[in-house]
Structures are given as C-alpha cells and as structure tokens.
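Next come the chains, spelled out residue by residue.
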Amino acid sequence: MTARVRFAPSPTGLLHIGGARTALYCHLYAKAKGGSFVLRIEDTDLERSKREYEVAMIEDLKWCGIENNEGPNKGGDFGPYRQSERTEIYTELAQQLVTEGKAYYCFLTDDELEKLTEKAQEEKKSPHFYHGKYRDLDPAEAKKKVDTGETHVIRFKNPGKKYTFTDLVRGEVTFPEDMVGDFVILRSNGMPVYNFCCVIDDWKMEMTHVLRAEEHLNNTVRQLMIYEAFGATPPEFAHCSLLVGEDRQKLSKRHGATSVVQYKDQHFLPQALMNYLCLLGWSHPEEKDIFTMDEITPIFDLSRFNKSPALYDIEKLKHFNGEHMRRLSTEDLMAYLAPTLAEDHAFHSQSREWQENCLDFFKEKINTPAELPEHLKVLFSTEPETGEAVDEVLSWESTAAIKEYIKGEVSNIDSAFISEKQFNEFTNHCKKELKIKGKFLFKGMRLAITGMAEGPDLKVVIPLTPIEVIKKRLGL
RNA sequence: GCUCCCAUCGUCUAGUCUGGUCUAGGACACCGCCUUUUCACGGCGGUAACAGGGGUUCGAAUCCCCUUGGGAGUACCA
C-alpha cells in the first residue's frame, strides 16, 4: 500500500512555525515512501475559519518548498478537501452511529452542562463524569424531542474500556477507560467537531499515516473509539514533540515571530528555515546538520525522532541561514541579497562585477540580510566614527602623517577605485619612507581611508570603496 | 484535581531498543589562541550535561521502581 500522509491545518490564522514543521515532516515522510502528500482544510469552526487564511497558508507552504499532491488547490480522487464541504458525509455517518446505538442525542443546555461540570469537579470526578445524562434515554423519545425542534447535539457513546495503540514515535500508549466521557461529535448548529471529521476524513481519504504534534496525543483515544465504531482500521499514528518558547510552553504568538510569513518578510532563506525546523526533534543518521530537504528525503524516517519538546531558538536559525546563504551560487546570492537593500542604496549604482565581489566578500560576515547594510557602511559612509578607539588612533603622530600622504596620492587618482596594487604601494611607502609599522601602520591607514578604527580586511575593502567616497572622507 | 507524555551541556541533539568500546560525541552561543592590526570566516583549543533516590547486574546515561521537575490534554477549538 502506498503511503498517504496529510497535513490538516485549520485556517484560523497564518501558517506558524510549528505547523510548518509538522507539514515538513508529513511531506518528507510521504516523499520518502514514494506516497502522496495531501492537504486538507479543517474549517469546521465557522466563526474563526477564513478563506484568506487558507490561501495564505497554501502560499506559505509553497514558499517553504512544501507542495501537496492533493487538496483544495489541486483536486484529487478523495475530495472535497475542505471539511466545510463535507458536512453531509459527517452528518450521515453521525446519524448512522445514532441508529446503531453507538451515539445518542443529548439535550443538555450550556447552563446545565456548566453545573454538571462543577458538580463533578467538587466531587473530585472528571469534568465529563455527568455529561452522559441522556445516554440511556429511550431512542424513540429522543427522536420525538428532536422532531419538535429541541436543541440538541450528538454525543458518542464511550464504550468504557481501555485503549492501547502503538505510536510510531512514542511506542505503546494506553488510555484508561474513563479518560474521556461521552464527547460531542455533532454540534447543535449541525457542524461536526474535529475529532469526528478527522477520523472520517482520514478513513475515507485512505490515509496510512497520521503525523502530528504531541498536543493531539490525547485526542487519539477518541479517534480510536470512532474508528472502532465504524469497523475501520486506524492509520499508523506518530506524535512528534512540541515546539516550545523560552518559557518552555507551547510556542505561540506571544513568543514573537512565529508565523512563517514573518521569516519570508525578513528575507530568511526557506531552505534554511526548513533545515533548522527539521532538526528540531529529528536527527540526521550521520549527524549532518546542514542539508537540503531533497538530500534527506530518501533517508527520512520516523525512528529518529526525539520525544522531548524542542525549544525554538532564532539565534540558531540565523546560523543556518548563514550556512545556506554561503552555499548559494554567485548569481543566486545576488538575487537573494541585492533586493533586500533599500532601493536608493549606493550598492545598486555599482557595476555587476563590483556587486558580485562585494557580496562574495560580505557574505562571510553575515548570517542574515538584515546585517548587510551595517557592514556596507565601511564602503559608503562618509560620517567619521567617534569613540575611544578612534581617539586613540588619532592621537598617534603617525596617523596624521599617513593621512597627509594618502591625501596627496588620492588627489591624483582619476580612476573610480583604488586598486589593490595601488593600496599595497601606499602601504609600502608608509612602511619604508615614513617608517611606520605594525598596528600604527594598519590602524592609521584604516582610519585615514575609512574613518573607522576597526573593520574588515583593508586589502579587500579599499578596492571596493568608490574613490569619491574616499575623497570626501579626506576632505578633497 | 484527573489522564497522558517527557527528562543527556544554557540551547538543539548523538548515544538508550540490542547494558561494557562513554574519563558521554557533534552543533549553536560563549571564551581563548592562530591566521604578521581589528572584526567576521576558517583552523585549533576551552568552559559546560546523563534531574534525584533506590534496585537488577561483575558492570547502567542505557533495564526496573519511586520521587521531583516540565509539558500537553481534560470544549458544541483544532
């Protein structure tokens, strides 16, 4: 049987980091098994679901390099892929369970429910202990109430036994008989709830594997009951660890940038984000840490999941971004970095060759595009630096001598740049004729030409600095 | 409260299933040195962990139990 794996987000917000990781794992696993990756939209929460989120989600997944084989955007043999378009299927199946005595109508009002929950808690019983009030109501009588239009939901009749299943990452998991009560499967507004549709869809869409985050582990018991009620074979389950923030709690908006689109907007490389996310809970068999998703697809498997929650660390993500950025070809690097600079940045007025040399040099110094403008100041800024370090260099007599000499030389230069050869001649002149060496030479030279006390290698920086900038710095 | 899950450097992790080769390996961050000045990169080196307690065993990070700690769930959210 070919693997069929789904990612089933609810379109109630933007795709977040945790969702992207789950989607990545699902995608990777489906591809590793040569199977299909299905996108299903779980929009049964009418209040919060928005079509625009669905659209954004598909776009963000695409940016991540995750494309589905089936889904609302692609079609397929198991559609529709939006739960809101499948309500008939759910309602019919829910009715079937009622007919078979495996579910029943419940007429509990919100008030009653609340009171019963409180009562149960006072008696130190599970909150759901009294929720089965209408469990044994005569079906004919229940039907009559329904027909007269009384507000009702459909509750699943908990068989009251232990459930055990083998989770592909957690091993054998057992739930006690009273872990959940008679839970709702069809709301009073006629919409089915998550645990019900999820099972129906995974069953009818013939999913072979359900990969999701640990927060769903407890839901599995309800789902197992439903599969059993229909005599359906459940898929294999794999619950991977949760992503947490600094406070060790489930990652959410309050932890800062948690939607994928924010990383896209900040110009992170999608392959870096995926690489980092992939390693949060999964490890490469050879302990490699930098790789592309294509590279690991053939070797991706469920046995290398770590069971404990992983802390999402942006600093480490930046490192991954740097590594992937440095692996880009000259052309791709240009396409990546150049657009991140402001439109009026002096970088854009330079030649293509200059731009390539420039990026090739500065890519070594940064991990993210956001750090680039600050580094480029050494080439374009005409504002002299201030501070102790600068003052110290300025206090040396040699510095004044260097500046004087450089000023003379530069005023005679007509070309657009000082060549590396010329720069070496200047250095040698200062060394031999002016008898300046060591830090007095290099620091003095740097200050004279760049106005800075510290910075990258002068041999590279000087030939990249436009002569008019240098002249302006020297007051020419 | 109840249920389920988890527990190796500050962080991500390898090693746990199939006890010995683990004086616990790698990565991020941090620190130091080298790359004839600085910073970054790179190279080299360093600080830093098996939550605690009991067992089992000749031998335990690895197996068992308890404690503690953390997380998730406990909805007519997903």
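Just above sits the structure.
So, here is what we can say about the structure in this document. Keep in mind that this is a model prediction, so the values were computed, not measured.

### Some words on the packing of helix α16 (residues 397–411) against helix α18 (residues 438–450)
Contact pair α16 / α18: the axes reach a minimum separation of 9 Å and the direction vectors enclose 50°. Our classification of the angle between α16 and α18 gives oblique. The crossing of α16 and α18 is right-handed. Contacts from Ser-398, Thr-399, Ile-402, Lys-403 and Ile-406 of α16 reach α18 at Phe-440, Leu-441, Gly-444, Met-445, Leu-447, Ala-448 and Ile-449. Across the contact of α16 with α18, the residue classes break down as eight nonpolar, three polar and one charged.

### Observations concerning the pairing of strand β5 (residues 163–167)
Every second residue of β5 is oriented toward a common face, the buried set being Tyr-163, Phe-165 and Asp-167 and the non-buried set Thr-164 and Thr-166. Relative to strand β6 (residues 171–175), β5 runs antiparallel, the two being bridged by five bridges. Residue pairing for β6: Tyr-163 is matched across the bridge by Phe-175. Hairpin connection of β5 to β6: three residues between the antiparallel strands.

### Quick look at the nonpolar core
As a rule of thumb, soluble globular proteins bury nonpolar side chains together. Ranked by internal contacts, the top residues of the largest apolar core, which has 74 residues, are Tyr-312 and Leu-379. If you tally residues by element for this core, the top one is helix α1 (residues 17–32), at nine residues. Ignoring anything within four residues of it in the chain, the contact list for Leu-379 reads Trp-354, Cys-358, Phe-362, Val-461, Leu-464, Thr-465, Pro-466, Val-469 and Arg-473. By size, the runner-up hydrophobic cluster in this structure holds 41 residues, among which are Phe-165, Cys-197, Leu-224 and Ala-232.

Cut-off values and rules
Residues numbered from 1 in each chain as written. Chains lettered and ligands numbered in written order. Predicted model: local features only at pLDDT ≥ 70, side-chain atom pairs only at ≥ 80, totals over all residues. Heavy atoms only, no water. Axes fitted to C-alpha atoms, helices over the stretch in contact; angles between N-to-C directions. Helix = DSSP H or I, 4+ residues; strand = E, 2+ residues; numbered from the N terminus. Parallel < 35°, antiparallel > 145°, perpendicular 65-115°, else oblique. Left-handed = near helix turned anticlockwise from the far one by under 90°. Contact = heavy atoms within 4.5 Å. Nonpolar A, V, L, I, M, F, W, Y, C, P; charged D, E, K, R; others polar. Buried < 20%, exposed > 50% of the residue type's maximum accessible area, 1.4 Å probe, protein only. Pairing = 2+ DSSP bridges. Core = buried A, V, L, I, M, F, W, Y, C linked by side-chain atoms within 4.5 Å.

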